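The lines below spell out each chain.
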Amino acid sequence: TTSSMVHDIKCRGDEWSLAACSYKEDGDCPASVRSPKGAGVVCQGYNVELRGESNSREGDVYITNQPIFHYNWGTEDANVICRMLGFNGVTRATTGSTFVGLPRYTRYKAYNFGCSGSETNLADCPHTLNYYTSGSSGANGGSGVVCYY
């Protein structure tokens, strides 16, 4: 039996968890709710884009308008990005914000990717979410790719 209820969930769209959204929580389900309803979410993976270069096959990688940090970034990770964007593969993975200069105190969407290279979406790779840098280590910490057709 359900003893509490969460309702009126409002998300901005850049949260990585429903717990980060605003919501109301009641201690007890109202008596008028005889059979509480449930809800679910099906995630479709990440939408990625490349920024900072004049051609479409290279740039720093962004997920939902935020860069990804270059810690553990490698060719296998970059290969997944290139294939997601319709390219045949990766020429090289870049680190150090090769294409877009980033300041200290940058909020990165994710880091520490561990792709095998065969995944169809970056979300399928093991990784860590939400990385905020507070010192000089955060400046120019973006991950990038150079893809080929």
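Residues numbered from 1 in each chain as written. Predicted model: local features only at pLDDT ≥ 70, side-chain atom pairs only at ≥ 80, totals over all residues. Heavy atoms only, no water.

Here threonine 98 is to be found in the loop between β6 (89–94) and β7 (107–111). Taking C-alpha positions, threonine 98 is 6.9 Å from glycine 144, a pair spaced 46 residues apart along the chain. A polar side-chain atom of threonine 98 sits 3.0 Å from the main-chain carbonyl oxygen of threonine 95. (Helix = DSSP H or I, 4+ residues; strand = E, 2+ residues; numbered from the N terminus. Polar contact = N/O pair within 3.5 Å; in protein donor to acceptor, adjacent residues only side chain to side chain.)

Only a minority of non-glycine residues have a phi that is not negative, and only a minority of peptide bonds are not trans. The residue threonine 64 is not glycine, and still its phi comes out positive at about 50 degrees. For threonine 64, the position within the fold is in the loop between β4 (58–63) and β5 (66–67). Given the relative accessible area of 41%, threonine 64 is considered partly exposed. Residues other than glycine seldom take positive phi values, yet asparagine 65 does so here, at roughly 65 degrees. Topologically, asparagine 65 is positioned in the loop between β4 and β5. (Buried < 20%, exposed > 50% of the residue type's maximum accessible area, 1.4 Å probe, protein only.)

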